[in-house]
Amino acid sequence: MTQRERVAPLPQINAEPDRRSDGHVAGGPADIVVEGLTKQFGSFVAVDHVSFEVRRGEVFGFLGPNGAGKSTTIRMLTTLLRPTAGTARVGGWDVVHDAGRVRSRIGLVAERIILYDRLSAAENLRLFGRLNGMADEAIRAATTRWLTRLGMIEWEDKLVGTFSTGMKQRVNIARALLHQPQVLFLDEPTLGLDPQTTRAIRSFIQELRDEGMTIVLTTHQMAEAEMLSDRVAIIDHGRIVALDTPEALKRRLAETHQTVIEMTLDAPSGEVETRLKEALPGLTVDVALTASGTVHVKVLAPSSDAIAPVVQAVAAVGAHIVQLHTVEPTLEDVFLHLTGHQIRDEVSAGAPVTAGRAWGRRAAASRTGR
Ligand SMILES: Nc1ncnc2c1ncn2[C@@H]1O[C@H](COP(=O)(O)OP(=O)(O)OP(=O)(O)O)[C@@H](O)[C@H]1O
């Protein structure tokens, strides 16, 4: 039996969460207040005058393609990076002038797992607990509490170096929660993890949310953002291009774009994307090559009246329709409409491979322990 198989499953929650089913309502005072936050690296502006608030007890999703500025924003909010301009307060304290107070109120699950392979899970937590100024008894109690909830208690005395990446990430999350932070930052918490651990961690985030923890979640996975977030900020090129609940963002898109046409085409090699866009002025058209060699096309249109001209345009470029259907607008379509691009997840068999910018295709193996 492998270690992964023996990890106790986390309590399962519906894949489609019943938001705040226990009556908890996000709101109240803001735990994070950001005004004009900016970060330049030389002349390159990675985060460009970003302003937003995160309310106490809400899950705030930061959604954007690779390089959009999500991690840079998180690093400024968690005092790891000094802003070039603007201000940010977390838990009521300024991230530059009161960095120590901010640090004691936050937990961070960063892109890299922060654990020592040569220590056991419990030894890692003891080390980080002490660094946070916690007393040994408090560390002991918190270790048992969080490792139990994360399905890792039976592994507490095993070396982290022997764990799978998913097991390491569970301990890594326990590390971030050990001192009971007011605000938890999760930077791509499921990146590169197996589906079982991904599901378990998403369920765990929902539990934390239902218990009233304020959570900032960055992701380039639409489903993750939509499933977990009370509100979503869509960030592109360092700027927030939309900020609202996932439902409101989709509703707003549906007011102008009722019909989303998805097609699989058998197309001649060449400039299908350019020619289709030219043939369909005024419509948002996204074209992606799939791993199996077909072409996946998405068209955002005001109504189903657009289907006939779209079919004609496909014929005119010499392509054949293998499959065509219409779907309800998703958060992904909101992003496509706002930015002209789709966010792509990791490439899987048959999944679209971008024809344009390399959205969201970071190697699954990029998450490593130390
Ligand atoms: N230390 C740095 N020096 C120079 N450029 C940087 C530095 N850190 C980040 N950048 C650049 O700033 C931009 C934003 O990076 P950031 O990591 O915040 O993006 P992201 O939205 O988190 O993307 P990803 O999903 O790939 O992590 C990128 O173009 C990146 O190359």
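No experiment lies behind these values; they were computed from the predicted model shown.

Novice: Quick rundown of the UniProt feature "domain: ABC transporter" (unreviewed entry) in the chain? Include the residues and the values.
Specialist: Within the UniProt annotation, "domain: ABC transporter" (unreviewed entry) is assigned to residues 32-262. Regarding residues 32-262, the helix share stands at 38% and the strand share at 29%, and the terminal C-alpha atoms are separated by 39 Å.

Novice: Tell me about the site of the ligand, and please be specific about residues and values.
Specialist: As a matter of local geometry, the ligand sits amid 14 residues, with Gly67, Gly69, Lys70, Ser71 and Thr72 nearest to it. Contacts to the ligand include Lys70, whose backbone N or O atom sits 2.9 Å from an oxygen atom. Elements with a contribution of two residues or more to the shell around the ligand: β2 (44-55) and α2 (70-77). Here the shell around the ligand takes 3 residues from α2, the largest share from any one element. In terms of residue class, the shell around the ligand is built from 5 nonpolar, 5 polar and 4 charged.

Novice: Summarise the side chain of Thr218; cite the residues concerned and give the values.
Specialist: Along the chain, Thr218 falls in strand β8 (residues 214-219). Beyond its immediate sequence surroundings of up to four residues, Thr218 is in contact with Phe62, Lys70, Ile74, Leu186, Asp187, Glu188 and Pro189.

Novice: Run through the packing of aromatic side chains, naming residues and quoting values.
Specialist: Applying the stated criterion across every chain yields a total of 6 aromatic pairs. For the ring pair Phe52 and Phe62, a centre distance of 5.3 Å and an interplane angle of 85° mean the geometry is edge-to-face. A residue pair is termed long-range when its members are at least 10 positions apart, and Phe52 in strand β2 and Phe62 in strand β3 (residues 59-63) qualify at 10 residues. Assessed through its relative accessible area of 5%, Phe52 is described here as buried. Judged by its relative accessible area of 0%, Phe62 is buried. A ring pair is formed by Trp155 and Phe163, whose centres lie 6.2 Å apart and whose planes are at 80°; its orientation type is edge-to-face. Comparing Trp155 with Phe163 shows no difference in burial state: the two are buried. Among the aromatic residues, ring-to-ring pairing joins Phe52, Phe60 and Phe62 into one connected group. Directly above the aromatic system of Trp93 lies the positively charged group of Arg101, at a separation of 4.3 Å from the ring centroid. Positioned above the aromatic ring of Phe128 is the side chain of Arg175, whose terminal nitrogen or guanidinium carbon lies 5.6 Å from the ring centre.

Reading the values: rules and limits
- Residues numbered from 1 in each chain as written.
- Predicted model: local features only at pLDDT ≥ 70, side-chain atom pairs only at ≥ 80, totals over all residues.
- Heavy atoms only, no water.
- UniProt positions renumbered as here; feature names shortened; annotations may be inferred.
- Helix = DSSP H or I, 4+ residues; strand = E, 2+ residues; numbered from the N terminus.
- Near = heavy atom within 4 Å.
- Polar contact = N/O pair within 3.5 Å; in protein donor to acceptor, adjacent residues only side chain to side chain.
- Nonpolar A, V, L, I, M, F, W, Y, C, P; charged D, E, K, R; others polar.
- Contact = heavy atoms within 4.5 Å.
- Phe/Tyr/Trp six-rings, centres within 6.5 Å; stacked < 30°, edge-to-face > 60°.
- Buried < 20%, exposed > 50% of the residue type's maximum accessible area, 1.4 Å probe, protein only.
- Lys NZ or Arg CZ within 6 Å of the ring centre and 35° of its normal.

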